[in-house]
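# Coordinates in review
What follows is the residue order along each chain.
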Amino acid sequence: LPRCRVPVLSDGAGGQYFKAHFPFSWMINQYTSQILSETKNLPAAGDFPVCFWKRFETLFDQTKLGEKLLQHLRNQEARYILLYLRDFIYIKYFPHDHDKHQYMVYEFVLLKCFENYSIGDEEFEEPTEVRYTDKLTIPKIHCVYEDSKQLSCLLQQAFVIDKRLGGKLARLISEMKESDDDKLNHLELVLLEEISSLCSHKKERTAREQLARKYVSEVKQWQPIVEKGLSFKQQNQFGKDLQMNIRHKWNRIVAVQLFISHCTLGVGFSVTENSVNRLYVLLGEYPDFTSVDVINNILFVLSSCLQKMNKNMGVPAVTKQKFRDQATRFFISILTNLTFKYLRIGDRNEDLILLLMGFVTLDEKNISVLIKDTENVNIFKKDGFDPSPGFRAFLLQLFIRHRYDVFKVKISQYLNDTVSHYTDQSMKKELCLLIVQSIEDSHHQRFIQYLPQQQIEFLNAQMENITNRYLADLVLSYELLERIAILRFICMHISNWIIECFDLLKTGSDTQISDHILREKKRMIISFQDICLMDGFEYLHVLLLKNIYHQLGSDTLHLITENRDCSWIIPEHVMQEMAELPAVMPDYFIIYGEDYIRIASAVEQVNLLQNKDALSQFFSKNMKLETVLLECILYSIFQEISRFFYIEQEKRTQSLDEKFLTMKNFVNFDLKDINTEVNNLAIQIATNNLGDGHLPNLQLSNTSSNSEIFLIRLIYHVAVMLSGTKYHRLFLPIALIYENPQNLKDRLFPTMMDDHFNSAKAAITESGKWYQCPNGHPYFIGDCGGAQVEFTCTDCGTRVGGKSYILVSQNVLLEKTKDETRAGYLLTKANDVKNVPSGERSLSPASVRIIRVLLDVSFIWSSCSKHPVTRSQVLPSLVNGGLDDPRALPNFFYQHLGRDVRDLTQLTGKNFEEVVFILHLIVKSLMETAGEQCGIPTELTQRELREQWEREFDKRFIQPILNSLHTDVQRQMDQVLSEKRIANNPILRIVYEREEPEPNNPLPHLWRYRTIVSLEHFSQSFSTADVRTKDKCPLVDKFLREENKLFVTRYLPDIVQLQRRVRDKFLHRLDRREAVNTTIKQFLDRTRNENKQEWEELNNQLESLATAWSMIGEDVRKNGRLKMEEALLQQEITPATCLAYLLPSSTGEGVLITSLTDYLVLIHNSFVHAYRDRVKESRSDKIPLRELSTSHVIEYEEHLQPLLLSHAHYSLALGQGSHVTYDFEGVEQQFMEQFIQNKPLILAEHLRFEYTREAYNLDVFEQVRHKVEQTELKEVAWRTIREDLDSLESVSDVLLVLDVVIGFLSSVGGEPEQKVSSYLYDVLKYPRPTHGAGPLQSVRADIILYLKHILSFWKLLSIEKARKLSLLGQIPFSSLKEEFLELTTEDETLEIIRSCDHFPVEKILVYLHEFILFFVRDRSDDQKNFGLRESMVEYGEDMGWKLPEGFKHFPEGIKLSQCASAWSVLSQQHRIASAPVTDM
């Protein structure tokens, strides 16, 4: 036999070649696989898989190839089948280096699967050896390959990692055959045992740090294979027991690997190297991580490590603390991945629950009873394991998530017996608070995963569970704490809804909420109002006010009281107390210390006496006008003027004019010797004319909101700094906007964008071309550089790319070479900025916004105070975008200032007031360091100089403030709040929790405001981190930017399964019109009647699709690779949606599911690529989309909260509820290890659903004619059959059957003289009817029809269906585009009818029908105005038709777009008696 070089076809070894032993085996493989695919689309019949096997083998044997193989291999079939089997294994698997052992393993898998098929099949009675040789056939090889694919893929992956495994498995298989070992039926478990042996720990494997790292890498490499193998379902008890033993053995390896990663390599190898082997030995061979003994041993090893460190004086304290942190994370990983994953509560686990509860309750006595060596393992000693609040909260989250009732009972008993456990009541309060916070966090995590309507339903269900019972009446128990936690959770989200529904943030059009959702949320708010106003819920009412204030700031009172729907939010007793006190607002200038307080007090007292002379005397006697004091005087003047507007008009002792005159005289007489610019500034603020009238927003008024006053105060603060030229020299690039803006021409401005084109161009090494969109944004097209796909510009959303190498309009080739980074201020109008920006260069998003605030304020002050020429010419020339009118310059930057401050509230999680306070501290820091030199150039003429300046400014002035938000910043805020009038304000007293708590009552402590440890808060904290942290955490940075997209990839496996399921169910069985007219609900109803389990699975998959589309549909349209119509964006997936949206295609409705799938694959792959770039991993393994499962996608929902808790640092102490920090580098490492490591790339495969009429064309018909000789069905036979098919439904059903037959005949052929009914029953294995007609719906058709009539019968039946649809007034050609469904006019209809006198209508109908199906269907839109008659004549000449002579009288004016309408007119005019098709 000839030996040919044959290409390997498998995904993993593509491009490899081998020498074939069986002639043309690669061609036979492709041909057989095609027939197998067709067989899968047949209706189910009999028991699967045996009946499927027989059906496929029958089909194969009836092909010409099958006949030839049977004829030539009959005498030596077994020998040649084994040769084909050998080639088949190489084609599908390609053993590495032609390893004969790997080949033996693959052969064993296939033959073993074949043997299992044969058992119970009455055809086989011979022993196994005979079956292997005599009964194995080519189609059976393909069948068993399909069935054993899961195990074979597992072997392939294992052999890629270690090719030596083939030899080991081959030897084991031989030994097991000899001993008839039961393991022969569980080869996947044999493989896992071997892998476990390879990874088992030996002391020498981790003796050095390099070896330890290699060992960790090996275990991680094997882990996905082992996890996949352990997921195989075992059918007998032997397999289940073996699998459990392997799981325990592997978990032991994983535990050691985690210990090395966290506690050895993560701390210092030399410190804990000997503990690795100790842990491995203590765990035992088959450790059960749900037993208290195993957890006890782990704690013992951790404690021993700390003891060893304490005895070693050379170990620094920082290393010890690092070990404690890493030990916590290691223990959390053990509990998450190895304990709670398998924990089932029962009597044998109660000790473990008590042990873990001991960490939560800090009950040393309880722990000591459960741990066998209390001398060495006391977790409460200094050298013990650290039960931090984060770890305790993590444990509580696990208990809550798994709903362990025994935990609830035990904790309630414990709380009721706290007298014997807690000598300090603060510990009792801490435990209660910890439980409440954990339950609240757990509910919050569930809540944020839901869509808006689901969130409302969830919140409503929780609210209904809250009774009207007074909370204090309940005994201190888990039930009480749970109820408080749920009320807190409800309160948090109701407060958000109040702000959203009543637009308290004044976002206006930015708030997008449907009318239905708005009504539902307002209904929930009213229900919550009823609860708050009930007796016993005062704490809840106050908490609501705290939540709202922390978002709105000091504008809360004004915003709430002006909206009558919200006035109830402030408790009545608070309103009464407020009415009795003068209105005040915080004075942030108190941060300047005692000098300012003394001066401000003097200014206020003298003004109250209305005696300016006394004021002058005060300053002349008590102080000299030193710089610091001068600034304090200026700040005092502003504070006094702004305070005056807070006094109600009837309570004022002076008029506004008198007030302004007093302050102006003071400035003119007592401050006359100061800097002219400072003096002008002082007069402006003394007369409430800040900005000299150029920006009305800078004047205070009785209607000014607190937020507006805060901005004015900030502008004034910067104005004082600029006017007095008192600032650090590093501030000069911004200060020049005021001092000398002419010098900034052609200078680069901080935070503005670079031109990254040349960098991007250099980074891309593949061939291709660069283009730019209509708005100038560049993009790249690879390969040949030709435009073949349309997509969306990521910068502006316009359409880019193109089709058939033709660019979309206004897209052009980009040929620039030089850096085009522009100078000046480059931002457009503030309202045009849609999203909070990411960082620029080395700056974090928060740092970008802070610097832009300083830019904004400097531009505002310069444009309001400089020479008219400067205002009208110089400053506008520095703005390179968005400024239409130079006179609008102050307002342009004022709008940007408001936008930047609002964005900072989102980035930092602080309210407007707190953000402005942070900005004041930065300005104060600039002024306190005035005169200091910066040491770097301040002329920003180059990109490198700008980036250097940004990095230095961020490091010197921004990061110290952001990093001390909860220490120095909080201390200075406390100083502001301690001012007497502020301290007496009841709202501020409540919000900032200044009341003295009841010493022995834990309940008030449970209602304090707190920051939730959540993804949102983590993101806010990360946005303020310095650039060094972000450089070390690129995966976390990417995750936080794209989390909303990554989250949706969890639905990808369901969506893929849904596509394949619906596609396989309707492939070639449904036309487009039926798909559009059938709803998803109708499809589900039919499925429910047939198979309830499938119906439930479909419902879940449809819910996944609907959720995914609703979450990122907008992103798919903007950034997806497939073009989508605008109408698709508005489409919702509901039961009323048409079925066509579930059928994947590149056009029409099906593009929705295709584009969504493609986009989710892109998101997943981008994270895997980012991870591999991060760790410099060069793997390129890909999994085909069709094999995707949940284990392959990045799913983090369940473990993200424990991960954040394990890396969060916070305190349960009073007043520290909002102080939470994170270890970002630790999160980065854990994020990679837990969620992305070992995830494969997904190989995108675009399924395309073929509708019935799209399934076949003339080529298919020609293939049938070539393989099965055809003849016409006689008219009398057709009329006989037609009598049985009297309904549209019966005609449609028979056409579906014929579609299947034609598909198989085009592939495998058949005997012309075989009856169609026989082919259906004997070859395609359709079920035989017990009585009546079969698939052909006609007993006479069963008798009359042969395969030689199949095409003729199909055409006649298609015409009959079209005729019936036409008579019903429906469009008869469902596959036509809308452009070709134009109706004829009344005059045109009459012309067609008159032309019928000149030709036989029935024959023209037949020709026209075929012309529409095979020609018009594929025409482009620009051909719709072609003449129908001329096009049909031209097509007929190409096809060899003999059109009747009289057809020349057919109306010339009828267009191609009217073909379907013309056919209906002809059909209705003459109800044709179907004639046999001739001359076709």
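Quick notes on the rules
Residues numbered from 1 in each chain as written. Predicted model: local features only at pLDDT ≥ 70, side-chain atom pairs only at ≥ 80, totals over all residues. Heavy atoms only, no water. Helix = DSSP H or I, 4+ residues; strand = E, 2+ residues; numbered from the N terminus. Buried < 20%, exposed > 50% of the residue type's maximum accessible area, 1.4 Å probe, protein only. Contact = heavy atoms within 4.5 Å. Areas by Shrake-Rupley, 256 points an atom, 1.4 Å probe, with all protein chains shown as cover. Core = buried A, V, L, I, M, F, W, Y, C linked by side-chain atoms within 4.5 Å. Phe/Tyr/Trp six-rings, centres within 6.5 Å; stacked < 30°, edge-to-face > 60°. Salt bridge = Lys/Arg side-chain N within 4 Å of Asp/Glu carboxyl O. Arc of directions from axis to C-beta. Pairing = 2+ DSSP bridges. Axes fitted to C-alpha atoms, helices over the stretch in contact; angles between N-to-C directions. Parallel < 35°, antiparallel > 145°, perpendicular 65-115°, else oblique. Left-handed = near helix turned anticlockwise from the far one by under 90°. Nonpolar A, V, L, I, M, F, W, Y, C, P; charged D, E, K, R; others polar. Polar contact = N/O pair within 3.5 Å; in protein donor to acceptor, adjacent residues only side chain to side chain. Expected span 1.5 Å × (residues − 1).

### Regarding the overall build of the chain
- A tally of helices and strands in the chain yields 64 helices and 12 strands.
- Put simply, the chain has 1480 residues, and 56% of those count as buried.
- Considering only contacts in the chain between residues 6 or more positions apart, those separated by 24 or more positions represent 75%.
- Of the accessible surface of the chain, which amounts to about 64400 Å², a share of 47% is contributed by carbon and sulfur atoms.

### A look at unusual backbone geometry
- The residue T751 is not glycine, and still its phi comes out positive at about 70°.
- Position of T751 among the secondary structure elements: in the loop between helix 33 (732-739) and helix 34 (757-763).
- Unlike most non-glycine residues, Q1337 shows phi in positive territory, near 65°.
- With respect to the helices and strands, Q1337 occurs in the loop between helix 58 (1316-1323) and helix 59 (1339-1344).
- Classification of Q1337 as partly exposed rests on a relative accessible area of 33%.

### Points about the nonpolar core
- Counting 333 residues, the largest nonpolar core has I298, I494 and L1324 as the members making the most contacts within it.
- The greatest single-element share of this core, amounting to 16 residues, is contributed by helix 22 (residues 478-501).
- With near-sequence residues (within four places) excluded, I494 lies in contact with L459, M463, M524, I525, F528 and L544.

### Things to note about the packing of aromatic side chains
- This structure, assessed with the given rule, holds 50 aromatic pairs.
- Judged by centre distance (5.7 Å) and plane angle (80°), the rings of F447 and F489 are edge-to-face. Highlighted residues: F447 in helix 20 (residues 425-447) and F489 in helix 22, separated in sequence by 42 residues.
- Under the relative-accessibility criterion, F447 is labelled buried at 3%.
- On the numbers, 5.3 Å between centres and 80° between planes, the contact of Y1435 with W1441 is edge-to-face. The pair formed by Y1435 and W1441 is uniform in burial state, with each residue classed as buried.
- Linked through ring pairs, F1039, F1047, Y1051, Y1196, F1231 and F1235 together constitute an aromatic cluster.

### Regarding the pattern of salt bridges
- Inspection of every chain in the model, using the stated rule, returns 43 salt bridges.
- Residue K183 pairs with E193 through a salt bridge whose shortest N-O separation is 3.0 Å. Taken together, the residues span a long stretch of sequence, with K183 in the loop between helix 9 (165-179) and helix 10 (187-199) and E193 in helix 10 at a distance of 10 residues.
- The closest approach of N and O atoms between E1445 and K1448, which form a salt bridge, is 3.6 Å. You'll find E1445 and K1448 in the same group, each marked exposed.
- In the salt-bridge network here, residues are joined through shared partners; they are E440, D441, R488 and R1010.

### Things to note about helix 56 (residues 1275-1284)
- Inspection of helix 56 places A1277, W1278, I1281 and R1282 among the buried residues, and these make up the whole buried set. The buried residues of helix 56 occupy an angular sector of 135° when the element is viewed end-on, so they sit on one face. For helix 56, the exposed residues lying more than 90 degrees away from the buried face are V1276 and E1283.
- The inward-facing, buried residues of helix 56 contact helix 59 and helix 60 (1350-1367).

### So, the sheet that holds strand 7 (residues 806-807)
- Pairing is antiparallel in the open sheet, where three strands are placed in the order 5-6-7. Among the strands making up the open sheet, the edge pair consists of strand 5 (790-792) and strand 7.
- Pairing analysis gives two bridges linking strand 6 (residues 799-803) to strand 7, with the strands arranged antiparallel. Bridge pairing links K803 to I806 in strand 7.

### Considerations on the pairing of strand 3 (residues 768-772)
- When strand 3 meets strand 4 (residues 778-782), the two strands line up antiparallel, connected through five bridges. Counterpart to G768 in the pairing with strand 4 is G782.
- Following strand 3, the chain reverses through five residues before pairing antiparallel with strand 4; G776 in that reversal takes a positive phi of roughly 90°.

### Brief notes about the pairing of strand 6
- Of the strand pairs in this sheet, strand 5 and strand 6 are connected by three bridges, and their pairing is antiparallel. Paired with F791 across the two strands is V800, which belongs to strand 6.
- The hairpin formed by strand 6 and strand 7 contains two residues between the paired strands, and S804 there has a positive phi angle of roughly 55°.

### Digging into the sheet that holds strand 8 (residues 812-813)
- What the three strands build is an open sheet, ordered 4-3-8; its pairing is antiparallel. Strands at the two margins of the open sheet, each flanked by one partner only, are strand 4 and strand 8.

### Topic: the packing of helix 16 (residues 350-361) against helix 18 (residues 389-401)
- Helix 18 packs onto helix 16 with a crossing angle of 140° between their chain directions and a minimal axis gap of 8 Å. Here helix 16 is positioned oblique relative to helix 18, judged by the angle of their axes. Two packed elements cross with a definite hand, and for helix 16 against helix 18 that hand is left-handed. Every residue of helix 18 that contacts helix 16 at I353, L356, M357, F359 and V360 is listed here: F391, R392, L395, L396 and F399.
- Of the residues belonging to the contact of helix 16 with helix 18, the class tally is nine nonpolar, no polar and one charged.

### Observations concerning the side chain of N911
- When you line up the elements, N911 lands in the loop between helix 37 (889-908) and helix 38 (912-928).
- Within polar-contact distance, the side chain of N911 engages the backbone oxygen of Y549 at 3.3 Å.
- Leave out the neighbours within four places in its chain, and N911 touches Y549, H550, Q551, L552, G553 and T905.

### Here we look at the packing of helix 31 (residues 676-686) against helix 32 (residues 706-723)
- As a packed pair, helix 31 and helix 32 sit with axes 9 Å apart at the nearest point and diverge in direction by 160°. In this view, helix 31 runs roughly antiparallel relative to helix 32, as classed from their interaxial angle. The two elements helix 31 and helix 32 cross, and the hand of that crossing is left-handed. Residues E677, V678, L681 and I685 of helix 31 form the contact with helix 32, whose own contacting residues are Y716, A719, V720 and S723.
- Per-class residue counts for the contact of helix 31 with helix 32 are six nonpolar, one polar and one charged.

### Re helix 1 (residues 25-40)
- A rise of 1.5 Å per residue sets the reference length of helix 1, with its 16 residues, at 22 Å; its end C-alpha atoms lie 22 Å apart and thus fit the reference within 8%.
- Those residues of helix 1 that fall on the buried side of the exposure criterion are S25, I28, N29, T32, I35, L36, E38 and T39.

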